[in-house]
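Fold and geometry: a report
One letter stands for each residue in the lines below.
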Amino acid sequence: KLEIFEDARFLPEAIRARYSSEQLGLITGFTASGRVGLIANMLTPETAAGVFLHEVGEHAGLAQMLGPDYSRVIMQFDKLLKAQDTYATWAAMRVPKNTPKHQVSSERIAYLVERVANDSNARRGGSAGHELGRECLANLRTWLFRTPTFQWLEQAGEVDSFTLSPMDLAALAR
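The paragraphs below set out a description of the structure included in this document. (Residues numbered from 1 in each chain as written. Predicted model: local features only at pLDDT ≥ 70, side-chain atom pairs only at ≥ 80, totals over all residues. Heavy atoms only, no water.)

1. Describing the layout of surface pockets
For clarity, the threshold we go by: A cavity here means a set of 1 Å grid points, computed over protein atoms only, where a 1.4 Å probe fits but cannot escape. A pocket is an open set with protein on both sides within 12 Å along at least 5 of 7 lines, and lining residues have an atom within 4 Å of a point. Grid points are joined across faces, edges and corners, and a volume is the space filled by probe spheres set on the points. Strands here are runs of E lasting at least two residues and helices are runs of H or I lasting at least four, both read from the DSSP assignment and numbered beginning at the N terminus. The residue classification treats Ala, Val, Leu, Ile, Met, Phe, Trp, Tyr, Cys and Pro as nonpolar and Asp, Glu, Lys and Arg as charged. All others, Gly included, are polar.
There is about 810 Å³ of room inside the largest pocket. If you go around the largest pocket, you meet 28 residues; those closest to its centre are Tyr19, Pro96, Thr99, Glu107 and Tyr111. Looking at the lining of the largest pocket, the elements that each hand over two or more residues are helix H2 (21-24), strand E2 (29-32), helix H3 (48-58) and helix H7 (104-117). Here the residues of the lining of the largest pocket sort into eight nonpolar, 12 polar and eight charged.

The following block contains the structure:
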């Protein structure tokens, strides 16, 4: 279920309790108990899709979607981070310091997906990170085609602009 909140003041108490006041001023979205929340005043038309994919894609189950390949994605991200790839570095810096250690890798990938979803071309020093993010996005798009979410998008008339790239088709074939 997707919920959109005007700003962080309107978040459920259980969600607000998870974050400091400083973090609440920065939060753009969250995933909790099977629902995704987006904070409207923290989003722009350019960033909304990336934040949505961050929350729905990674937190809703990229690890399950990829199965054993998820470990390879994490290892590839770690190599890119050591090489100071622009995207890997940005994603790693976005992970809140109070994130439980077992969730750090997942958060890093979620931020990578978010950033790459908003960048059609790789930024300088980040071609490998951009490519890894595009691979994750391809898997997310193909997963969406198989879910009730896609049916909802279709009913909402949003499917016409939802396309599959050659990489997406390869992911579907797996």
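2. What to know about the pattern of salt bridges
Pairing is possible between side chains that carry opposite charge, provided their charged atoms lie close to one another. Heads up, the rule is: The rule for a salt bridge is simple: a side-chain nitrogen of Lys or Arg has to be within 4 Å of a carboxyl oxygen of Asp or Glu.
Evaluated as defined, the whole model comprises eight salt bridges. Taking the shortest distance from any N to any O, the salt bridge between arginine 72 and glutamate 135 comes out at 2.1 Å. Of this pair, arginine 72 sits in helix H5 (residues 69-82) while glutamate 135 sits in helix H8 (residues 127-145), and the two are 63 residues apart along the sequence. Measuring nitrogen to oxygen at the nearest pair gives 3.7 Å for the salt bridge that ties aspartate 78 to arginine 108.

3. Structural notes on unusual backbone geometry
One non-glycine residue with positive phi stands out, namely glutamine 84, at about 60°. With respect to the element layout, glutamine 84 can be found in the loop between H5 and helix H6 (86-94).

4. A short note on the pairing of E2
As a reminder of what qualifies: Strands are treated as partners if at least two bridges between them are detected by DSSP.
Taken together, the four bridges between E2 and strand E3 (residues 35-39) define a ladder with antiparallel strand orientation. Following the sheet pairing, alanine 32 is matched in E3 by arginine 35. Linking E2 back to E3 in an antiparallel pair, the connection comprises two residues, with serine 33 at a positive phi of about 50°.

5. Observations regarding H6
This is how it is decided: Residue exposure (1.4 Å probe, protein chains only): buried if accessible area is under 20% of the type maximum, exposed if over 50%, otherwise partly exposed. Arc definition: directions from the helix axis to the C-beta atoms. Throughout, a contact is declared for two residues whenever any of their heavy atoms are within 4.5 Å.
Within the span of H6, buried status applies to Tyr87, Ala88, Ala91 and Ala92. For H6, the buried positions fall inside an angular range of 125° around the axis, keeping them on one side. As for H6, its buried residues are in contact with H5, H7 and H8.

6. Quick word on the side chain of glutamate 114
Here is the rule we go by: The sign given to each residue is positive for Lys and Arg and negative for Asp and Glu; His and the chain ends receive no count.
With respect to the helices, strands and loops of the structure, glutamate 114 is situated in helix H7. Buried charge without a partner: glutamate 114 forms no salt bridge, and the closest opposite charge is arginine 94, 4.5 Å away. Leaving out residues up to four positions away in the same chain, glutamate 114 has contacts with Gly50, Val51 and His54.

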